[in-house]
Each structure stands twice: as structure tokens, then as C-alpha cells.
Amino acid sequence: VRACRAVAGAVLVATFARLDKVDAAIASFWSRARDTAFVRWDSFEPALVLTTFTLCLLTYWALDECASCPLRAYRLQPLPVAA
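Residues numbered from 1 in each chain as written. Predicted model: local features only at pLDDT ≥ 70, side-chain atom pairs only at ≥ 80, totals over all residues. Heavy atoms only, no water.

Draft legend 1. Broad picture of the overall build of the chain. Regarding its fold elements, the chain presents four helices and zero strands. Reading the helices (α) and strands (β) of the chain from amino to carboxyl end gives α-α-α-α. Per-residue burial over the chain gives 6% buried out of 83 residues. Of the roughly 7400 Å² of accessible surface on the chain, 69% is carried by carbon and sulfur atoms. (Helix = DSSP H or I, 4+ residues; strand = E, 2+ residues; numbered from the N terminus. Buried < 20%, exposed > 50% of the residue type's maximum accessible area, 1.4 Å probe, protein only. Areas by Shrake-Rupley, 256 points an atom, 1.4 Å probe, with all protein chains shown as cover.)

This is how it looks when you write it as C-alpha cells:
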């Protein structure tokens with residue numbers, strides 16, 4: 001658990017330390033992506049929302065299955081009780 005927290009903290013610090021570069025990279029990507037046929041497709045936004053929601057659910061499911069995860073109190077289903 002400590003290793004996961006350390007990695008997550010390092011990623012957050014690295015992201016915020018280079019926030020200007022990250023903003024520039026996102027702006028550059030979006031300016032190029034706006035001109036593609038995929039983004040101009042009428043169903044792009046619903047497809048993007050569905051994909052993002054699915055990734056969020058899969059991430060939550062992976063955290064829910066984690067053996068020593070501190071989010072155990074927020075499980076989607078209760079742990080089975082041994083008889």
C-alpha cells in the first residue's frame with residue numbers, strides 16, 4: 001500500500017511540476033485531433049462518454065478487488081461471510 005501511495009504521489013508531483021508542459025501538450029493534441037473525421041463524427045461525444053465511464057467502472061472494479069486496498073469500506077458488494 002505504501003508503494004502505491006508513493007508512486008501515486010510521485011506522479012501527482014511530477015504532473016503539477018510540469019503543468020505548463022502538460023497544458024501545452026493537451027492543447028497541441030486537441031488542435032490536431034479537432035480536424036480528424038473521428039472527432040467530427042456525430043456520435044463522438046456519446047462514444048467518448050461511454051468509453052470514459054467504462055474505464056472509470058473498470059478502475060473502480062480493479063480497486064474493489066484489491067487485496068489490501070484502503071477503499072475496502074466502499075466495496076460495491078459486501079464480502080461473503082464464511083458459514
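Draft legend 2. Spatial organisation of a nonpolar patch on the surface. Together, Leu 12, Phe 16, Leu 19, Val 22 and Ile 26 give the surface a local cluster of nonpolar side chains, amounting to about 460 Å² of exposed area. At the level of secondary structure, the elements contributing two or more residues to the nonpolar patch comprise helix H1 (2–17) and helix H2 (19–33). Among the elements that make up the nonpolar patch, the one with the highest residue count is H2 (three residues). On the secondary structure map, Val 22 appears in helix H2. What makes Val 22 partly exposed here is its relative accessible area of 31%. (Patch = residues over 30% accessible without salt bridge, like charges linked within 9 Å, V, L, I, M, F, W, Y side chains within 5 Å. Salt bridge = Lys/Arg side-chain N within 4 Å of Asp/Glu carboxyl O.)

Draft legend 3. Broad picture of the confidence of the model for the chain. Model confidence for the chain is summarised by a mean pLDDT of 81, while 77% of its residues fall at 70 or above. Of all the helices and strands in the chain, H1 carries the lowest mean pLDDT, 82, while helix H3 (residues 37–40) carries the highest, 89. (pLDDT = per-residue confidence, 0-100.)

Draft legend 4. The arrangement of the packing of aromatic side chains in detail. The tally for this structure, following the rule as stated, stands at two aromatic pairs. Ring geometry for Phe 38 against Phe 44: centres 5.3 Å apart, planes inclined by 85°, an arrangement best described as edge-to-face. Look at Phe 38 and you get exposed, because its relative accessible area is 51%. In textbook terms, an aromatic cluster arises when at least three aromatic residues are bridged by ring pairs, as seen for Phe 38, Trp 41 and Phe 44. (Phe/Tyr/Trp six-rings, centres within 6.5 Å; stacked < 30°, edge-to-face > 60°.)

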